[in-house]
Amino acid sequence: MPQINFSEITTEQGMAMADGLMEAGQYDLAAKVYRALLSSAPAAMKNRLRVRVGLSSVRNARTPMSHGALKLLEGGIRDVFVGEGLATWSKTMAFYDDARFIELADRHADLLPLPNWHWNLQTVLWAVRQAQHLDGDLVELGVFKGHTTLFCAEYVEFGDWPKTWFLYDTFDGIPDDQVDASFKKSNAVYKGTFSFEEVRDRFAHMANIKVIKGRVPEVLAKTCPDRIAFLHMDLNNVTAEIQALDAVFDKITPGGIIVFDDYGWAVSRAQFDAENAWFAKRGMQILPLPTGQGLFIKR
Ligand SMILES: C[S@@+](CC[C@H](N)C(=O)[O-])C[C@H]1O[C@@H](n2cnc3c(N)ncnc32)[C@H](O)[C@@H]1O
């Protein structure tokens, strides 16, 4: 077998070879080639390779489509990003200019079955950094393996903050009596695929992050902080999210932020309608973001 010396090929040629591997379903090999090319790639090629590293490293049924969309868009425009449920182009991708962001997003990417979550992470990280200067603690409802909180907590070195971050999950998926019809199938991703112990241990290096096993909303009656500066609502479950709003909204401090993770996804239409109605009743609105997230800042 002839050997290929990477110094003899251009980044464009190497990328075309790895794109071919993606099309053949050889994702692990493609990921290796994209990563190998990245270190010596010219600046103009780096972000194109980074998007590909994300798509080749975290695969799902939509990987061929996402990769195809990336190539199609790059045929006509620059600065293309393709993630899960989101493609952007001609936008400043500030996260790619932030070495710490890229390193941590890459390090924890396998905790989520969705590739290139950068725009979503950027929203939550922004909210967490705002919360640093507000009265109150941080809360996540719906933790799964801990992906988003771990990324943000390590980025901001939350272990040194004089605040506590409370993370709640059943650690056994969406309860059967709460699961929406549109999430019945995808609930299999959460059932028996992760454990309380695993997530608790993942956060053991930050003593001010408390991982709590329990069902929302009932668990909130037992352990919820009195004042909340940031709430990440990510239960994929309209019943529990509305009950959680009833339980904690008054604890959100002035300027406090809620990021709803699922709010704008078409599959979560029930959440979108119910949460809009909940806020409209109180004369307030959630801002829908193109990431699928909803953003609310309390007056
Ligand atoms: C989309 S995942 C959370 C993802 C996580 N925020 C992240 O960024 O990686 C939704 C989680 O909500 C949990 N969940 C759903 N309904 C719940 C409830 N009523 N009480 C507690 N946890 C619940 C599920 O077990 C699942 O882990």
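Residues numbered from 1 in each chain as written. Predicted model: local features only at pLDDT ≥ 70, side-chain atom pairs only at ≥ 80, totals over all residues. Heavy atoms only, no water.

**Quick notes on the packing of aromatic side chains**
Tallied over the full model, the rule gives 24 aromatic pairs. Centroid distance F279 to F296: 4.6 Å. Interplanar angle 45°. Geometry classified as tilted. Taken together, the positions of F279 in helix α11 (residues 269-280) and F296 in strand β9 (residues 294-297) put the pair 17 residues apart, joining distant regions of the chain. Both residues of the pair, F279 and F296, count as buried. Members of the aromatic cluster, connected to one another through ring pairs, are F81, F95, Y96, F101, W119, F151 and Y155. Sitting above the plane of the Y155 ring, R100 keeps its charged end 5.5 Å from the centroid. Sitting over the face of the ring of F249, K298 holds its NZ or CZ atom 4.5 Å from the ring centroid. (Phe/Tyr/Trp six-rings, centres within 6.5 Å; stacked < 30°, edge-to-face > 60°. Helix = DSSP H or I, 4+ residues; strand = E, 2+ residues; numbered from the N terminus. Buried < 20%, exposed > 50% of the residue type's maximum accessible area, 1.4 Å probe, protein only. Lys NZ or Arg CZ within 6 Å of the ring centre and 35° of its normal.)

**Observations regarding unusual backbone geometry**
Generally, phi is negative for residues other than glycine and the peptide bonds are trans, each holding for most cases. In the segment running from V216 into P217, the intervening peptide bond is cis, with an omega of 15°. Within the element layout of this structure, P217 appears in the loop between β5 (209-213) and α9 (220-223). Its identity as a non-glycine residue notwithstanding, D79 has a phi of 55°, on the positive side. A relative accessible area of 36% places D79 in the partly exposed class. The phi dihedral of F171 is positive, around 60°, even though this residue is not glycine. Mapped onto the fold, F171 is located in the loop between β4 (165-169) and α8 (196-202).

**Here we look at the side chain of E140**
Mapped onto the elements of the fold, E140 is located in strand β3 (residues 137-141). Buried E140, no salt bridge; nearest opposite-charge side chain is R202, N-O distance 10 Å. Among the polar contacts listed, one links the side chain of E140 to the side chain of H232, at a separation of 2.6 Å. (Lys, Arg positive; Asp, Glu negative; His and termini not counted. Salt bridge = Lys/Arg side-chain N within 4 Å of Asp/Glu carboxyl O. Polar contact = N/O pair within 3.5 Å; in protein donor to acceptor, adjacent residues only side chain to side chain.)

**Focus: the sheet that holds β9**
Sheets are built from strands that pair by backbone hydrogen bonding, the pairs being arranged parallel or antiparallel. Within the open sheet, the seven strands sit side by side as β5-β4-β3-β6-β7-β9-β8. Their pairing is mixed. Each of the sheet's edge strands pairs with one partner strand only, and the pair in question is β5 and β8 (287-288). As judged from the five bridges shared by β4 and β5, these two strands associate in the parallel manner. When the bridges of β5 are listed, W165 appears paired with I209. Its contacts with the sheet put helix α10 (residues 238-248) on β3, β6 (228-233) and β7 (252-260), and the angle it makes with β6 is roughly 175°. (Pairing = 2+ DSSP bridges. Contact = heavy atoms within 4.5 Å. Axes fitted to C-alpha atoms, helices over the stretch in contact; angles between N-to-C directions.)

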